[in-house]
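# Observations on the model geometry
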Amino acid sequence: MTQAEALQEYLLRLADSDMILGQRLCELCGKAPALEEEMALMNVALDLVGQARNWYEYAAELIDDGRDADKLAFRRDAHHYRNLLLTEQPNEDYAVTMGRQFFFDVWHYFTLKSLTESSDEHIAGIAAKALKEATYHLRRSSEWVKRLGDGTEESHRRMQDAVDILWRFTGELITPDDTDRVMAEAGIGPDPDQLAQDWRGMVKEVLTKATLTPGAEDAWMYMGGKHGEHTEHLGFILAEMQFLQRAYPDATTW
Amino acid sequence: MPQPGDSDSRSAVDILIASDRVPANARPDLLTEDDIWALLEEIKDPEVPAVSVVELGIVRTVRWDGNELSIDVTPTYSGCPATELIEELITEALRAAGFRDPRINQVLTPAWTTDWITDEGKEKLRAFGIAPPEGSSSKMSLLGEPEVIACPHCGSKDTERISEFGSTACKALYRCKECLEPFDYFKCI
């Protein structure tokens, strides 16, 4: 794999993870448990979709085959999507929604923090902007995990269930593959060991404060999202998300 | 060397030729960078109409590249839906001033910060009922306690946060415990 190929792949991963989690959160539009939560979820989703667009635009520039950001987002099938499996998991109850957000936000925060020092200036620029937003997301989701975990007996039970359900998708966040290694060696992407250490450290700190028990470090992990092997959920997300663009390809006004 | 905006150094013929390229009666080439800043100050933010896009720090630079005007703007948030509308409003205002093809560039670096909102802009936000950002973005800690936010209506510091997010990405929702009015807070980023 050349560095140029790895870079395109890496950008699509960043873009797709933002896009799919943004889309998942938008499913709660109009039916979040409280008005303030709805505003928060939609604002987080908006940030993520905006960031996805920035990554897609840069990816489109490098891929340079005539596809623009919209085509990359709305005209690729599931096996071409490179998002983390965690981001496509269903919303379920609010503990799962916030647990998924928390695990993602910790990864996102440390990844973006490292990317602000990327040797690729364009990436560093997008990351610097996104980091401000991700910091705010992390502050909020970690507060929720603590509140629910260290809350009532019922909220604790649900939050612990959420950690247990989602844990098997967290390995993918901090297990590097060839693309990650090529990016790290080029000084473009984060150092995988550092990222794993930072992620584990903060997750442990917050879960401890929340009186929750993390999963085992050597637990069996589902991976494959980064290579286009997805859980059964992604196809349904894309079917809804891409309907309009598939039904009316190349329409210029909606 | 004569500058494109410098009318004194241009002959009548220069101006005549220049005027041929723009709509009748408009002489955008005679506008200095200061004139253009003044023009942009008339453009209000579509979501926070109390302040201009200049006061919010969205317009970063205005410069003449030879005979071409180039303006750099930066989005407040990655997904801010107002970004494109702001660019359109700027383009429209420049067209009205006679520019045929104003160049608006979107720049992401350095990332927008609330530190760029001018003091005047902050006062206008307050008068509009939005508490302006408190403190400096560079001094914020990751999981730090929020600053004390003063109520824009009565000035009391006895306020509480209702929601970390408000009606737009850039705001949070607060309530004053003194005058009991809810208000928006422009988040510090």
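Residues numbered from 1 in each chain as written. Chains lettered and ligands numbered in written order. Predicted model: local features only at pLDDT ≥ 70, side-chain atom pairs only at ≥ 80, totals over all residues.

## Comments concerning the overall build of chain B
Looking only at helices and strands, one finds four helices and seven strands in chain B. Its helices and strands in sequence order give chain B the pattern α-α-β-β-α-β-α-β-β-β-β, from N to C terminus. Considering chain B as a whole, with its 189 residues, one finds that 34% of them fall into the buried category. Sequence separation of at least 24 residues holds for 53% of the intrachain contacts in chain B that already meet a minimum separation of 6. (Helix = DSSP H or I, 4+ residues; strand = E, 2+ residues; numbered from the N terminus. Buried ≥ 20, exposed ≤ 12 C-beta atoms within 10 Å, placed from the backbone. Contact = placed C-beta atoms within 7 Å.)

## Notes on the interface of chain B and chain A
The interface is formed by 17 residues belonging to chain B together with 21 residues belonging to chain A. Among the residues forming the side of chain B that touches chain A, the class breakdown is 11 nonpolar, five polar and one charged. (Nonpolar A, V, L, I, M, F, W, Y, C, P; charged D, E, K, R; others polar.)

## Some words on the UniProt feature "domain: MIP18 family-like" (unreviewed entry) in chain B
With numbering aligned to this structure, UniProt lists the feature "domain: MIP18 family-like" (unreviewed entry) at residues 33-96 of chain B. Note that residues 33-96 of chain B is 36% helix and 20% strand, and that its end C-alpha atoms are spaced 16 Å apart. (UniProt positions renumbered as here; feature names shortened; annotations may be inferred.)

## Comments concerning the sheet that holds strand β5 (residues 159-163) of chain B
Here we have four strands laid out as an open sheet, ordered β4-β7-β6-β5 (chain B), and mixed in their pairing. Across the chains shown, the open sheet's two edge strands, defined by having one partner strand only, are β4 (130-131) and β5 of chain B. (Pairing = 2+ DSSP bridges.)

## So, the sheet that holds strand β1 (residues 59-65) of chain B
All names here are of chain B. The sheet built from three strands is open, its strands ordered β1-β2-β3 with mixed pairing. Only two strands of the sheet have a single partner each, and these edge strands are β1 and β3 (103-106). Across the sheet, the mean angle from the axis of one strand to that of its neighbour is 20 degrees, orientation sign disregarded. As judged from the four bridges shared by strand β2 (residues 68-73) and β3, these two strands associate in the parallel manner. (Axes fitted to C-alpha atoms, helices over the stretch in contact; angles between N-to-C directions.)

## What about the nonpolar core?
Judged by nonpolar contacts, the single largest core of 110 residues is most densely connected at A:L11, A:A15, A:W55, A:A59 and A:V106. Tallying contributions element by element places helix α2 (residues 35-63) of chain A first for this core, with 13 residues. Split by domain, the residues of this core number at least three in each of domain 1 (28-106) and domain 2 (116-186) of chain B. Among all residues touching A:V106, those that are not within four sequence positions of it are A:L138, A:W199, A:M202 and A:V203. (Core = buried A, V, L, I, M, F, W, Y, C linked by C-beta atoms within 7 Å. Domains from an automatic or database assignment.)

## Examining the domain arrangement of chain B
Residue and element names in this part refer to chain B. Domain assignment breaks chain B into domain 1 (28-106) and domain 2 (116-186). The interface of domain 1 with domain 2 comprises 11 residues on the first partner and 12 residues on the second. Looking at the side of domain 1 that touches domain 2 residue by residue, the class counts come to six nonpolar, three polar and two charged.

## Let's talk about helix α3 (residues 82-96) of chain B
Residue and element names in this part refer to chain B. Between its first and last C-alpha, α3 extends 21 Å over 15 residues, near the 21 Å set by a 1.5 Å rise per residue. Within α3 the residues assigned to the buried category are A82, I86, I90 and L94. Buried positions in α3, seen along its axis, are confined to an arc of 110 degrees and lie on one side of it. In α3, the exposed residues that point more than 90 degrees away from the buried face are E84, E88, E92 and A96. The inward-facing, buried residues of α3 contact α2 (33-40), β2 and β3. Two residues or fewer after α3 comes G98, characterised by a positive phi angle close to 105 degrees. (Expected span 1.5 Å × (residues − 1). Arc of directions from axis to C-beta.)

## Digging into the packing of helix α4 (residues 94-115) of chain A against helix α5 (residues 121-149) of chain A
Residues and elements named next belong to chain A. Packing of α4 against α5 leaves a shortest axis separation of 7 Å and a crossing angle of 145 degrees. Judged by the sense of rotation from one axis to the other, the crossing of α4 with α5 is left-handed. Broken down by class, the residue content of the contact of α4 with α5 amounts to 17 nonpolar, seven polar and two charged. (Left-handed = near helix turned anticlockwise from the far one by under 90°.)

## Here we look at unusual backbone geometry
Of note, the amide linkage connecting B:T109 to B:P110 takes the cis form, showing an omega dihedral of -10 degrees. Relative to the helices and strands, B:P110 is located in the loop between β3 and α4 (119-128). The phi angle at A:T211 is positive, at roughly 55 degrees, despite the residue not being glycine. Note on placement: A:T211 falls in the loop between α9 (192-209) and α10 (233-241). Residue class for A:T211 comes out partly exposed when judged on the 13 C-beta atoms lying within 10 Å of it. Despite not being glycine, A:D250 has its phi angle at roughly 65 degrees, a positive value. Mapped onto the elements, A:D250 comes out in the segment after α11 (243-247).

## Points about helix α8 (residues 178-185) of chain A
Each full turn of the α-helix corresponds to 3.6 residues, which orients residues three or four apart in the same direction. All names here are of chain A. Turning to α8, its buried residues are T179, D180, V182 and M183. Angularly, the buried residues of α8 cover 165 degrees about the axis, an arc narrow enough to put them on a single face. Counted as exposed and oriented over 90 degrees from the buried face of α8: D178 and E185. Packing partners of the buried residues in α8 comprise α1 (3-26) and α9.

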